[in-house]
Amino acid sequence: MTTTVDDALEHGGEFHFFQKQMFFLLSLLSVAFTPIYVGIVFLGFTPDHHCRSPGVAELSLRCGWSPAEELNYTVPGPGPGGEASARQCRRYEVDWNQSTLSCVDPLASLDTNRSRLPLGPCRDGWLYETPGSSIVTEFNLVCANSWMLDLFQSSVNVGFFIGSMSIGYIADRFGRKLCLLTTILINAASGVLMAISPTYTWMLIFRLIQGLVSKASWLIGFILITEFVGRSYRRTVGIFYQAAFTVGLLMLAGVAYALPHWRWLQFTVTLPNFCFLLYYWCIPESPRWLISQNKNAEAMRIFKHIAKKNGKSLPASLQRLRLEEETGKKLNPSFLDLVRTPQIRKHTLILMYNWFTSSVLYQGLIMHMGLAGDNIYLEFFYSALVEFPAAFMVILTIDRIGRRYPWAASNIVAGAACLASGFIPGDLQWLRIIVSCLGRMGITMAYEIVCLVNAELYPTFIRNLGVHVCSSMCDIGGIITPFLVYRLTNIWLELPLMVFAVVGLVAGGLVLLLPETKGKALPETIEEAENMQRPRKNNEKMIYLQVQKLDIPLN
């Protein structure tokens, strides 16, 4: 008897002991992905700094200055308009070793007006006001070299982009499990090598390698867990898999606080990845992928294992699990399959735009909001907490209303919040914070829903490829967002919010063109994916007519 995968899961257990075990193990991948995605906040932390001037330390010790007095006497003040660059990137061209300098306003003997004293670049490095270290303080990525920090973060997103495009194809061609284990090993090795890198160049190379494989392993984990559970549980595990990323945000803040030195922090967040290699014995291959490759015997063996783990048994009639399309022919994924047919092409373009929108607004709002306070650890912790109500709202809405309308509404709310924030007066800071939080919650919801729906709109043999290709657009967004925010704020402080508003509102409108996937089986073939938006009335009428014909007396 030939049956569908969802039917087999109904008999073997849709979300019992086996699925819960897989969910816990795979969610750890989501937690471990956090330091790579947002670790730049702590690894690349830029503390207050000023030029190192030879002789200043000795003069300060001789005069008994406090740190504040030393800065006041020897470091230039802010530039025109309060610019900090003059204070951080320039120094007085003064010989601080000369004995004629007094301990009370030593520069007064050279010129009564400090602004007339010549300034020069920081030829002897910088002094940083921090008890710990970061890649900024170790490699002096400030002033003229500050672009190197941007390059460091951009390299990760470039790696995300390339890895999503290439490894997604490999995962659909050679299997989820092999690709997952390979990316875990490369990610762990490159993370350790980055922590011991002697130069900026080597650190940049290993960070790029991490980007190539880390997001791919996170997405493969998402694909695996959605393919292991029944369709009634897919939305829940998908949301909680992403909520595990938020748990990683909270844990990262605590670990970074305990380990303020970047090399030890990098070691600590990387080493757990080696434990994931034990998944070779814990996690089986996706039975859906095996069926798409016509490996039915192996798929049946895994289904029997799932049923045994769940304390259930498969009926003897369930002996064959096949795709309806191209029976007996192995299906090989192709990039053209994502745009070959009209409906799948429309899905691909809309999903790509929404991934881009989610990334730009999510990262852009964090950059633009500028949470109050000087404690980077608390600010990071509080911003992460905002994501839990968003996940709760997603769970409440998509099961009762569906995916499409909450997804569209969340994009529209995020866009409207950006638009409103741009016109709130500066003296109403409390209102600005509330509106900004609404925008953050809205785009977090959109981010979570797009990841869920993306996997539901593609047939099995190109599902992994489709998720990777579409999600690669969020990496493009991650590359350009810093430039978008910082360049546009030079023109008008609120201009980035206006751009975010337009992008978010357009995304909300496009979502309404997609089919609703609530309660529907994952499409197994291209034909099923093409027909997702068509009503089933014709099929229901056909079945009804067939029943009527059977009821007609033969005489």
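Refer to the structure presented above.
Everything numeric here is computed off the predicted structure, so don't read it as measured data.

Colleague: Explain the overall build of the protein to me, and be specific about the residues and the numbers.
Modeller: The number of helices and strands found in the protein is 24 helices and 6 strands. In the protein, buried positions account for 53% of the 555 residues. Within the protein, residue pairs in contact and separated by at least 24 positions form 83% of the contacts whose partners lie at least 6 positions apart. Carbon and sulfur atoms form 65% of the exposed surface of the protein, whose accessible area is close to 25,300 Å².

Colleague: I'd love a proper account of the state of the cysteines, names of residues and values included.
Modeller: Applying the stated criterion to the full structure yields 3 disulfides. The disulfide that involves Cys-51 links it to Cys-122, with 1.6 Å between the sulfurs. Pair noted here: Cys-51 is in strand β2 (residues 49-51) and Cys-122 is in the loop between β4 (119-121) and β5 (126-128), with a separation of 71 residues, a long-range link. Its relative accessible area of 6% is what places Cys-51 among the buried residues. Owing to a relative accessible area of 11%, Cys-122 belongs among the buried residues under this scheme. The partner cysteine of Cys-63 in its disulfide is Cys-103, sulfur to sulfur 2.0 Å. Between Cys-63 and Cys-103 the disulfide shows an S-S torsion of about -75 degrees. By sign, it is left-handed. One end of the pair, Cys-63, is in helix α4 (residues 56-63); the other, Cys-103, is in the loop between β3 (90-92) and β4, and 40 residues separate them in sequence. Judged by its relative accessible area of 18%, Cys-63 falls in the buried class.

Rules behind the numbers
- Residues numbered from 1 in each chain as written.
- Predicted model: local features only at pLDDT ≥ 70, side-chain atom pairs only at ≥ 80, totals over all residues.
- Heavy atoms only, no water.
- Helix = DSSP H or I, 4+ residues; strand = E, 2+ residues; numbered from the N terminus.
- Buried < 20%, exposed > 50% of the residue type's maximum accessible area, 1.4 Å probe, protein only.
- Contact = heavy atoms within 4.5 Å.
- Areas by Shrake-Rupley, 256 points an atom, 1.4 Å probe, with all protein chains shown as cover.
- Disulfide = S-S within 2.5 Å.

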